[in-house]
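Here is what each chain is made of, one letter per residue.
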Amino acid sequence: MEYQCGGSIVDERTIVTAAHCVTNLNGAISRRLISVRVGHTNLKEQNEYTQAHEVESLIVYPGFGKNSIANDIALIKLTNSIAMSNYVQPVCLWTMANELHSIVGQNGTTVGFGLMENDVQSDRLKQALVGIVDPLVCISSYRQVYGTHLTTEMFCGKGQHGVSACNGDSGGGMFLNVGGRWFLRGLVSFIPERDKTNLCDSTQHTVYTDVAKYVGWMRQYVDERVLPDESAIEVDYEEKMRLFDFATCGELQATNARYDRFPPWTGLVHASSNLLDTDRSCLVTLVSQSYAIGPAHCFPNDGVR
């Protein structure tokens, strides 16, 4: 069988993926046409951790239909249990507050075997850091697509310098690290295509199914032991703020100093990068002994660092 889509392990017998990966115009495809492999990081090679599993049943979210991409989520129930190891583990489901505004601006990690820059499918499992974008920003960037398809059960993400989910990444997860644990927040659903092709346009936002909005539905099908107790999870959405000294911010420590041109919390950073043809210098604002804030365009990166 050829590789088609990604998925995430929820418990010993459950995989979550995108509904469009396991359906056609007539509904769910035959379970006999699907094989699930876990512990697989290279499509052309197997390792000692690779496991192949047959499918017992498919559970497509009842709100998913052939006339819409909304509610793009499904569960795959396996015939036999996955053998867990240090290299094969379930991901945590998002049982915390599911408001989107709490994660906008954060970076999530997306993995998959999707097309690379040369439009060739990757044999090796790749990962990318993708920023979660405000839905209004997403809609305004391409109203013809996002304005008519984006729902409150979806969110948009975009990497830097062409880093994006693409053909073959569908169903794969977007994961956020909270308190040292990895949580599944999104599933790759769709991305606009390039003109007159069936290939993704990596300059556009990727749309993810917001898994947090479907945990209530998933509870009836998964092992309750994999659902973390949200009361025991300390979510620090502003984890760096505790490093700032608010007691002394904005104070002029030297009373006889002159600040004719710049206040004492202004700094100059010289940025050098292989991604730039020339070096550049930028003004930054000191916010603590260890941190400064500056414009992102001064520090271009490859979407991972």
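Residues numbered from 1 in each chain as written. Predicted model: local features only at pLDDT ≥ 70, side-chain atom pairs only at ≥ 80, totals over all residues. Heavy atoms only, no water.

An unreviewed UniProt entry lists the chain under the name Peptidase S1 domain-containing protein, from Anopheles farauti. The Sequence similarities (unreviewed entry) comment attached to the chain in UniProt states, word for word, "Belongs to the peptidase S1 family. CLIP subfamily." (UniProt positions renumbered as here; feature names shortened; annotations may be inferred.)

Novice: I tried to follow the environment of aspartate 11 on my own but got confused; where do I start?
Specialist: For aspartate 11, the location among the structural elements is in strand β1 (residues 8–11). Between the alpha carbons of aspartate 11 and valine 91 there is a distance of 8.1 Å; along the sequence they are 80 residues apart. Apart from the residues lying within four places of it in its own chain, the contact partners of aspartate 11 are Ile82, Met84, Pro90, Tyr221, Val222, Asp223 and Val226. Separated by 2.9 Å, the side chain of aspartate 11 and the backbone nitrogen of arginine 13 make a polar contact. Among the polar contacts listed, one links the side chain of aspartate 11 to the side chain of threonine 14, at a separation of 2.7 Å. (Helix = DSSP H or I, 4+ residues; strand = E, 2+ residues; numbered from the N terminus. Contact = heavy atoms within 4.5 Å. Polar contact = N/O pair within 3.5 Å; in protein donor to acceptor, adjacent residues only side chain to side chain.)

Novice: Would you mind going over the pairing of strand β9 (residues 107–112) with me for this structure?
Specialist: Side chains on a regular strand alternate between the two faces of the sheet. In the sheet, β9 pairs with strand β10 (residues 126–133) via six bridges, with the strands oriented antiparallel. Opposite glycine 108, over in β10, you have valine 130 as the bridge partner. Relative to strand β12 (residues 173–178), β9 is paired through two bridges, and the arrangement is antiparallel. Residue threonine 109 lies in a different strand from β12, and its bridge partner there is phenylalanine 175. (Pairing = 2+ DSSP bridges.)

Novice: For this particular structure, what's the right way to read the confidence of the model for the chain?
Specialist: Detailed conclusions should not be drawn from predicted coordinates in areas where pLDDT is low. Of all residues in the chain, 80% have pLDDT values of 70 or greater, and the mean over the chain is 83. By mean pLDDT, strand β15 (residues 266–271) is the weakest element of the chain at 74, and strand β7 (residues 74–78) is the strongest at 98. In the model, residues 239–243 has pLDDT below 50 throughout and makes five contacts with residues more than four positions away in sequence or in other chains. (pLDDT = per-residue confidence, 0-100.)

Novice: How should I be thinking about the environment of leucine 227 in this particular structure?
Specialist: Within the secondary structure, leucine 227 sits in the loop between α3 (215–218) and β15. A relative accessible area of 12% means that leucine 227 is categorised as buried. Placed 136 residues apart in sequence, leucine 227 and valine 91 show a C-alpha to C-alpha distance of 9.7 Å. Setting aside anything within four residues of it in sequence, one finds leucine 227 in contact with Leu93, Thr95, Val215 and Arg219. (Buried < 20%, exposed > 50% of the residue type's maximum accessible area, 1.4 Å probe, protein only.)

Novice: How should I be thinking about the sheet that holds strand β2 (residues 14–17) in this particular structure?
Specialist: Backbone-to-backbone hydrogen bonds join strands into a sheet, with any given pair of strands oriented parallel or antiparallel. Read from one edge to the other, the open sheet built from five strands follows the order β1-β2-β7-β6-β5, with strand pairing classed as antiparallel. Each of the sheet's edge strands pairs with one partner strand only, and the pair in question is β1 and β5 (35–38). Within this sheet the neighbouring strands show an average axis-to-axis angle of 45 degrees, counted without direction. (Axes fitted to C-alpha atoms, helices over the stretch in contact; angles between N-to-C directions.)

Novice: Looking at this model, I keep getting lost on the pairing of β7. Mind explaining?
Specialist: Extensive coverage of β7 is indicated by the burial of five of its five residues. In β7, alternate side chains face the same way, and those of Ala74, Ile76 and Leu78 on one face and Leu75 and Lys77 on the other are all buried. Note that β2 and β7 share four bridges and pair antiparallel. Looking at the pairing, threonine 17 lines up with alanine 74 of β7. In the sheet, strand β6 (residues 51–60) pairs with β7 via five bridges, with the strands oriented antiparallel.

Novice: Even after reading the chapter, I still don't get the pattern of salt bridges, so can you show me in this structure?
Specialist: Should the charged atoms of two oppositely charged side chains come close, the side chains can pair. Counted under the stated rule, the structure contains five salt bridges. With its nearest N and O atoms 2.9 Å apart, the salt bridge here joins glutamate 56 to arginine 13. Pair noted here: glutamate 56 is in strand β6 and arginine 13 is in the loop between β1 and β2, with a separation of 43 residues, a long-range link. Look at arginine 13 and you get partly exposed, because its relative accessible area is 28%. Notably, a salt bridge pairs lysine 44 with aspartate 123, separated by 3.5 Å at the nearest N-O pair. Placement of the pair is lysine 44 in the loop between β5 and β6 and aspartate 123 in the loop between β9 and β10, with a sequence separation of 79 residues. Residue aspartate 123 is classed as partly exposed on the basis of its relative accessible area, which comes to 29%. (Salt bridge = Lys/Arg side-chain N within 4 Å of Asp/Glu carboxyl O.)

Novice: Is there a simple way to explain the state of the cysteines in this structure?
Specialist: Covalently bonding the sulfur atom of one cysteine to the sulfur atom of another cysteine gives a disulfide. As enumerated under the stated definition, the model contains three disulfides in all. Here cysteine 138 engages in a disulfide with cysteine 156; their sulfurs sit 2.0 Å apart. Between cysteine 138 and cysteine 156, the S-S dihedral sits near -65 degrees, and the bridge is therefore left-handed. Taken as a pair, cysteine 138 in helix α1 (residues 135–141) and cysteine 156 in strand β11 (residues 154–158) lie far apart in primary sequence, 18 residues in all. The exposure class assigned to cysteine 156 is buried, which follows from its relative accessible area of 1%. The disulfide partner of cysteine 166 is cysteine 200, and the gap between their sulfur atoms is 1.9 Å. Linking cysteine 166 and cysteine 200, the disulfide has an S-S dihedral of approximately -100 degrees and is accordingly described as left-handed. With a gap of 34 residues between them, cysteine 166 in the loop between β11 and β12 and cysteine 200 in the loop between β13 (181–190) and β14 (206–210) connect regions that are remote in the sequence. When sorted by exposure, cysteine 166 lands in the same class as cysteine 200, which is buried. (Disulfide = S-S within 2.5 Å.)

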